[in-house]
Protein chains: 2
Amino acid sequence: MERILTAELPAHTGQRVRLQGWLHRKRELSRVSFLVLRDRAGLAQIVVDAAEPLSLLPETVLEIEGVAVSNAQAPGGVEVHEPALRVLAEPAEQPPVELHRPEPKESLPTRLDAAPIALRHPVVRERFRKTAAAVHAFRATLDGLGFVEIQSPKIVAAATESGASVFPVDWFGRGAYLAQSPQFYKQTMVGVFERVYEVGPVFRAEPHETARHLAEYVSLDAELGFIEDHHDVIAVARGAVRAMIDAVGETPPDEVPIVDFDAVRSGDEPDLSPEDERRVCREHGELVVVEGFPMAKRPFYTYPDPKNPARSRGFDILYRGLEIVTGGQRLHRYEDYRHALAARGLGEEPFAGYLDAFRYGMPPHGGFALGLERFMAQALRLANVREATLFPRDRNRLLP
Amino acid sequence: MERILTAELPAHTGQRVRLQGWLHRKRELSRVSFLVLRDRAGLAQIVVDAAEPLSLLPETVLEIEGVAVSNAQAPGGVEVHEPALRVLAEPAEQPPVELHRPEPKESLPTRLDAAPIALRHPVVRERFRKTAAAVHAFRATLDGLGFVEIQSPKIVAAATESGASVFPVDWFGRGAYLAQSPQFYKQTMVGVFERVYEVGPVFRAEPHETARHLAEYVSLDAELGFIEDHHDVIAVARGAVRAMIDAVGETPPDEVPIVDFDAVRSGDEPDLSPEDERRVCREHGELVVVEGFPMAKRPFYTYPDPKNPARSRGFDILYRGLEIVTGGQRLHRYEDYRHALAARGLGEEPFAGYLDAFRYGMPPHGGFALGLERFMAQALRLANVREATLFPRDRNRLLP
């Protein structure tokens with residue numbers, strides 16, 4: 001008999017069925033036991049007529065053959081009667097977290113330590129199914145706009161963003177680093193495909209442990225050529241983010257306003273504070289683009305506003321009070337790169353391969369990057385980005 | 001005027017059009033010049049009536065407005081007349097590789113050194129467009145079978161496959177490693193989603209530089225639970241590989257035979273030699289599954305054949321004479337893992353998080369891994385896996 005999934009039970013009412021899954025919960029009364037079986041599709045109630053109690057630990061892997069019977073009281077309206085149980089795998093002991101509660105009750109550190117089991121909680125599991133849907137929506141949006149997916153190397157000879165916060169790697173006895181972003185490679189690939197994107201890990205040796213930073217996270221990157229200015233980039237980023245919000249079951253706002261940095265900054269800081277970000281969203285909407293950041297706080301490859309060179313063509317997108325996207329137009333002329341590196345006191349040698357792309361003709365271009373876990377935490381209103389990460393990495397956590 | 005792509009020219013015959021791209025080639029006659037403009041969609045011929053020669057370097061980024069005119073001699077049957085040229089970016093010098101030849105003529109090392117430019121060659125570029133199509137086909141096949149995409153960490157506390165050939169990372173002053181595969185994580189996630197896949201980088205400190213090994217490559221991984229044996233895994237792997245072959249424009253074979261290791265081995269070696277792999281494909285077909293490998297050459301998590309414990313439920317898939325997929329059924333009982341680690345003299349401590357997944361109930365499961373660049377090299381009949389890698393990494397190459 002073919003296995004069916006728990007979600008398919010109602011279509012098999014009155015028939016003999018075969019289910020497979022985990023013992024999610026057990027309730028033993030005097031003459032009957034109720035088992036709840038969990039599989040990837042949902043839960044099913046199994047009614048066992050048994051005088052003697054079943055010695056099954058939670059998370060026992062079971063195969064069950066029985067009859068699907070309509071019962072309005074059962075979850076899903078159908079339960080399984082006259083079951084024959086077969087144990088496929090026995091746990092060694094009681095799990096360290098309770099999976100049958102409506103919401104996980106253990107502390108975050110406890111659940112992270114026990115991630116292989118804690119991730120099985122249906123509520124937690126569904127978060128990561130939504131993560132997959134969000135990534136799919138990102139790719140589908142960009143595929144539809146003629147972008148090509150690339151994979152760039154994660155071991156690099158030079159730090160991308162700055163010398164700080166980079167992880168050294170022992171590369172056959174030589175020094176190398178983990179890539180902080182695919183920035184140089186996605187720009188280089190604009191010379192090849194005009195429009196590219198990448199979904200992959202990036203590494204930041206963040207010295208601080210906060211609720212919104214990870215040392216390794218998944219970056220959704222895009223870059224496009226032949227733009228007029230950063231507004232062409234904003235249009236693509238906005239479309240991708242709206243599609244992702246929709247994919248996780250939230251409603252993307254109809255309006256995504258673009259506000260000016262100078263109009264929303266507080267004080268003289270050249271960047272927005274966390275409180276500024278929250279205020280901008282309170283005042284302007286769930287999803288807001290901020291443009292016109294000062295050049296001082298943007299990376300060397302940022303394109304300055306020709307009318308006001310202290311101002312950049314960089315932008316951020318804020319979602320529910322937190323920056324989730326950073327992007328902008330980039331420099332594209334070789335001489336501009338040479339001047340920008342010199343102005344920041346950076347030598348050209350570590351950037352040689354990158355500079356080659358501009359030496360041989362690159363169109364005006366720009367792009368953006370979105371942190372996947374941070375986006376998911378905002379979309380699902382999770383207080384800590386680690387709630388949206390399968391196996392988080394930070395300065396104190398390298399396991400499991 | 002909206003920019004159109006070169007491939008859209010025929011639909012605009014007789015109209016004024018705006019094109020953007022790179023100067024791919026230039027041919028100057030006494031009273032007329034022919035420019036070939038390259039964009040992401042193709043090539044277009046531009047006819048310039050000019051007495052004086054155009055001082056434009058190859059790869060100059062151009063915007064061209066002119067009239068689309070039918071001409072059977074022109075590539076694509078349409079060319080652009082009366083062009084107004086605008087330079088969007090000037091190269092600093094002549095490129096180090098010739099992009100206008102039908103095939104790249106420079107040596108592989110020269111092209112790898114100049115990758116940012118060499119990848120612009122239309123023939124080379126199309127390889128990587130096909131790579132994106134292959135990855136898309138892999139994901140679409142597995143999505144259709146109820147698999148969920150995951151992202152697992154690439155910085156890990158313990159080596160997955162063996163202590164050798166692993167890259168050490170300085171993790172905030174502590175020792176860590178780059179993941180050699182997502183093996184432990186994808187197995188763990190079978191406990192959550194039953195069926196998972198991942199597309200991501202893996203790292204092997206390969207001491208040898210061969211035409212088919214890289215130190216960093218893209219691994220396409222899948223893992224599924226509630227299997228009967230490794231044949232359920234083979235069925236999924238075969239479907240994914242066939243879809244990928246189709247996606248790159250090759251014809252997947254109708255028959256994918258499964259042959260037994262003992263029937264195709266040469267001599268007493270517990271593994272197939274490269275010559276064995278070529279012979280198996282000569283004798284059995286382009287795409288062949290080999291099963292029944294000895295346990296001795298498979299990793300500790302491999303499930304032994306219950307009828308013959310020296311024989312494993314591991315398999316390889318060979319494509320045109322080279323192994324492109326390795327897979328098999330895995331152990332799923334906690335006690336089996338403890339015994340398997342002890343039998344290989346491995347301690348349990350480095351595997352603690354991984355073992356937790358089995359301690360709390362895991363179904364019979366298995367999976368497979370496919371090296372993307374190696375698959376592409378075979379599919380496109382490239383002699384070196386580096387021809388199918390944007391920016392290869394090996395013991396001698398860390399740039400660009």
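Residues numbered from 1 in each chain as written. Chains lettered and ligands numbered in written order. Predicted model: local features only at pLDDT ≥ 70, side-chain atom pairs only at ≥ 80, totals over all residues.

On to the overall build of chain A. Along chain A, the regular secondary structure elements total 10 helices and 18 strands. Restricting the contact set of chain A to residue pairs at least 6 apart, pairs at least 24 apart contribute 62%. (Helix = DSSP H or I, 4+ residues; strand = E, 2+ residues; numbered from the N terminus. Contact = placed C-beta atoms within 7 Å.)

The domains assigned to chain A are domain 1 (6–89) and domain 2 (116–388). Inter-centroid distance (C-alpha atoms) of domain 1 of chain A to domain 2 of chain A is 47 Å. (Domains from an automatic or database assignment.)

So, about the sheet that holds strand β18 (residues 365–371) of chain A. All names here are of chain A. Read from one edge to the other, the open sheet built from eight strands follows the order β6-β10-β11-β18-β17-β16-β13-β12, with strand pairing classed as mixed. Taken across any chain shown, the strands that pair with only one partner, and hence form the sheet edges, are β6 (148–149) and β12 (258–260). Two strands pair when backbone bridges link them, and β6 and strand β10 (residues 195–203) are joined in this way by two bridges, in the parallel orientation. Of the residues in β10, the one forming a bridge with V148 is V196. Here helix α10 (residues 372–379) sits on the sheet in contact with β11 (216–225), β16 (314–319), β17 (322–330) and β18, set at roughly 60° to β18. (Pairing = 2+ DSSP bridges. Axes fitted to C-alpha atoms, helices over the stretch in contact; angles between N-to-C directions.)

Listed as interface residues are 72 residues of chain A and, on the opposing side, 72 residues of chain B. For the side of chain A that touches chain B, the residue count by class is 43 nonpolar, 10 polar and 19 charged. (Nonpolar A, V, L, I, M, F, W, Y, C, P; charged D, E, K, R; others polar.)

A word on the relation of the copies chain A and chain B. Superposing chain A onto chain B takes a rotation of 180° plus a shift of 0.0 Å along the axis, which leaves an RMSD of 0.0 Å. The superposition operator between the copies reduces to a two-fold rotation axis. Among all residues of chain A, the one whose C-alpha sits closest to the rotation axis is V169 of chain A, at a distance of 2.3 Å. Looking at chain A, 100% of its interface residues are interface residues in chain B too, so the copies touch through the same face. (Least-squares fit on C-alpha atoms with pLDDT ≥ 70 in both.)

Quick look at the sheet that holds strand β3 (residues 42–49) of chain B now. Spatially, five strands are ordered β1-β2-β3-β5-β4 (chain B) in a closed barrel, and the strand pairing comes out mixed. When strand polarity is set aside, the average angle formed by the axes of neighbouring strands in this sheet is 55°.

Turning our eyes to something else, we now look at the confidence of the model for chain A. Mean pLDDT over chain A works out to 95, with 98% of the residues at or above the 70 mark. The complex model carries a pTM of 0.98, and its ipTM stands at 0.97. (pLDDT = per-residue confidence, 0-100.)

So, about the environment of K130 of chain A. Residue and element names in this part refer to chain A. As for its position among the elements, K130 is in helix α3 (residues 122–144). K130 sits in the partly exposed class, given 19 other C-beta atoms within 10 Å. C-alpha of K130 to C-alpha of G371: the two residues are 241 residues apart in sequence and 15 Å apart in space. Dropping the residues within four chain positions of it, K130 is found in contact with V248 and G249. (Buried ≥ 20, exposed ≤ 12 C-beta atoms within 10 Å, placed from the backbone.)

It is worth spelling out the packing of helix α3 (residues 122–144) of chain B against helix α5 (residues 230–247) of chain B at this point. If you want to describe how two helices pack, look at the angle between their axes and the distance between the axes. Residue and element names in this part refer to chain B. At their nearest, the axes of α3 and α5 sit 8 Å apart, and the two run at 145° to each other. Crossing hand, α3 versus α5: right-handed. For the pair formed by α3 and α5, the contact residues are A133, A134, H136, A137, F138, T141 and L142 on the first element and G239, A240, A243, M244, D246 and A247 on the second. (Left-handed = near helix turned anticlockwise from the far one by under 90°.)

We now examine α3 of chain A. All names here are of chain A. Between its first and last C-alpha atoms α3 spans 33 Å; for 23 residues at 1.5 Å apiece the expected length is 33 Å, and the two agree. Listing the buried residues of α3 in full gives V124, R125, R127, F128, T131, A132, A134, V135, F138, R139, T141 and L142. G146 lies just past α3 and shows a positive phi near 85°. (Expected span 1.5 Å × (residues − 1).)

Residues and elements named next belong to chain B. With two bridges connecting them, strand β14 (residues 304–305) and strand β15 (residues 308–312) associate as antiparallel partners. Across the sheet, P304 pairs through a bridge with S312, a residue of β15. Two successive antiparallel strands, β14 and β15, enclose a turn made up of two residues.

What follows covers helix α9 (residues 352–359) of chain B. Extensive coverage of α9 of chain B is indicated by the burial of seven of its eight residues. Of the surrounding elements, those touching the buried residues of α9 of chain B are α2 (115–118) of chain A together with α4 (183–193) and α8 (334–343) of chain B.

Another point: unusual backbone geometry. In this chain, L399 of chain A is followed by P400 of chain A through a cis amide linkage whose omega measures -10°. Position of P400 of chain A relative to the elements: it lies in the segment after α10. The residue R381 of chain A is not glycine, and still its phi comes out positive at about 55°. Residue R381 of chain A is classed as exposed on the basis of its 9 C-beta neighbours within 10 Å. Look at F226 of chain B: it is not a glycine, yet its phi comes out positive at around 60°. With respect to the element layout, F226 of chain B can be found in the loop between β11 (216–225) and α5. F226 of chain B sits in the partly exposed class, given 19 other C-beta atoms within 10 Å.

Residues and elements named next belong to chain A. Taken together, the six bridges between β16 and β17 define a ladder with antiparallel strand orientation. Looking at β17, one finds that F315 is bridged to G327. If you look at the hairpin formed by β16 and β17, you'll find two residues sitting between the two strands, and R320 has a positive phi there, around 50°. As paired elements, β17 and β18 share six bridges and run antiparallel to each other. Bridged to T326 within β18 is A369.

Turning next to the environment of F391 of chain A. For F391 of chain A, the location among the structural elements is in the segment after α10. Every residue in contact with F391 of chain A, bar those within four places of it in the chain, is listed here: A115 and P400 of chain A together with S152, P153 and Y185 of chain B.

Next up on the list: the environment of I258 of chain A. All names here are of chain A. With respect to the secondary-structure elements, I258 resides in strand β12. Spatially, the C-alpha atom of I258 lies 65 Å from that of A50, the residues being 208 residues apart in sequence. Setting aside anything within four residues of it in sequence, one finds I258 in contact with I234, V289 and E291.

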